[in-house]
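Chain by chain, the residues run as shown.
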Amino acid sequence: MSRISIILPAKNEAAALKDLLPRLVAAQPGAEIVVVDDGSTDDTPAVCAAAGVTCLSSPYSMGNGAAIKRGARAAIGEILVFMDGDGQHDPEDIARLLARLDQGYDMVVGARDWESQAGVGRGVANTVYNWLASKMTGQPVADLTSGFRVARAGRFREFIHLLPNGFSYPTTSTMAFFRSAYGVAYEPIKAAQRVGKSHIKPLKDGVRFLLIIFKIATLYSPLKLFFPVSLVFFLLGCANYAWTFVHEGRLTNGSTLMWSATVIVFLIGLVSEQITSLMYVKSRDA
């Protein structure tokens, strides 16, 4: 059995794969290479056949995360290597990530520097995500959204049912590993400019990236999100009561509503925390 399986989600990335696949074969000659064709309309299957690698084709596009899940289920290796199929990641970096994994980690992520970010906007957004994830986990998170990572197959498959079908599988898998106390390391890499046009639409995906911020918190510990919000409502209620008592000598409905919101938000956080804990117990037992 091949020890390493390299999984590349690809949607109309034939132009990049023509150069990338031969380099992958040369860099990791004994590895299983699986290209998951996410409903491409170009000649991706033919490019894969010419390179002698496995191609799993979908009849229609299901999303980047869906391609990752399909590839992870089909792979036979003990270690899974995830790379983008657009030519951004250097096959030569795989060896460095695998070397870190052999130090006892369960997942190693290729961390991009600022020059490797796809534009200033994406760079700022990723910096915010990294900061928030670091605060939530108490561990330094160098690149939360990097799609270049290696992981032990058994560990990664524990969380397949949690992964979304869209683009935020790196966020979900990273927070799931931290939540389950699996070792995560970061290895600096340089990412090249992608070949072809990006599938990310800034306007449409802006809301999606905003939701990732909330997902980071709820995936790791919902109470860390809900408790500060609850505290804000409590303090606002106290401030409103102090103002109205001094000026009107009474307790108003506004203060009462804010204190009620304090209790409701806090209880929602407690329930969410328990649900999250049960979700990860299910992952470990699967």
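Structure shown above.
What this report covers is the structure whose coordinates are included nearby.

Reading the values: rules and limits
- Here the residue numbers are simple positions, counted from 1 along each chain's written sequence.
- It should be noted that, the model being predicted, local features are given only for residues of pLDDT at least 70 and side-chain atom pairs only at 80 or more, the latter also being counted only at that level, while totals for whole chains, interfaces and linings use all residues.
- Excluded from the side-chain calculation are hydrogens and water; included are all heavy atoms of the structure.
- The secondary structure listing takes helices from DSSP runs of H or I that are at least 4 residues long and strands from runs of E that are at least 2 residues long, numbered from the N terminus.
- Residue exposure (1.4 Å probe, protein chains only): buried if accessible area is under 20% of the type maximum, exposed if over 50%, otherwise partly exposed.
- Any two residues having at least one pair of non-hydrogen atoms within 4.5 Å are treated as being in contact.
- Here, Shrake-Rupley sampling with a 1.4 Å probe gives the accessible areas, and only protein chains in the shown set may cover a residue.
- Of all possible arcs, the one meant is that of the directions from the helix axis to the C-beta atoms.
- Under the convention used throughout, the expected extent of a helix is 1.5 Å for every residue step, that is, one less than its residue count.

1. What to know about the overall build of the protein chain
Each helix and strand in the protein chain was counted, giving ten helices and seven strands. When the 286 residues of the protein chain are sorted by exposure, 48% land in the buried category. Partitioning the intrachain contacts of the protein chain with sequence separation of at least 6 by distance along the chain shows that 75% fall at a separation of at least 24. As displayed, the protein chain has an accessible area near 13,800 Å², and 64% of this comes from carbon and sulfur atoms.

2. Considerations on helix 4 (residues 94-101)
Within helix 4, burial applies to Ile 94, Leu 97, Leu 98 and Leu 101. The buried residues of helix 4 all sit within an arc of 100° when viewed along its axis, so they share a single face. Looking at the packing, one finds that the buried side of helix 4 touches strand 1 (4-10), helix 1 (14-27), strand 4 (79-82), strand 5 (107-112), strand 6 (149-152) and strand 7 (184-189).

3. Some words on helix 9 (residues 223-248)
The end-to-end C-alpha separation of helix 9 is 36 Å, in line with the 38 Å expected for 26 residues at 1.5 Å each. Within helix 9, burial applies to Ser 230, Gly 237 and Thr 244. Gly 249, located one to two residues past helix 9, shows a positive phi value of around 70°.

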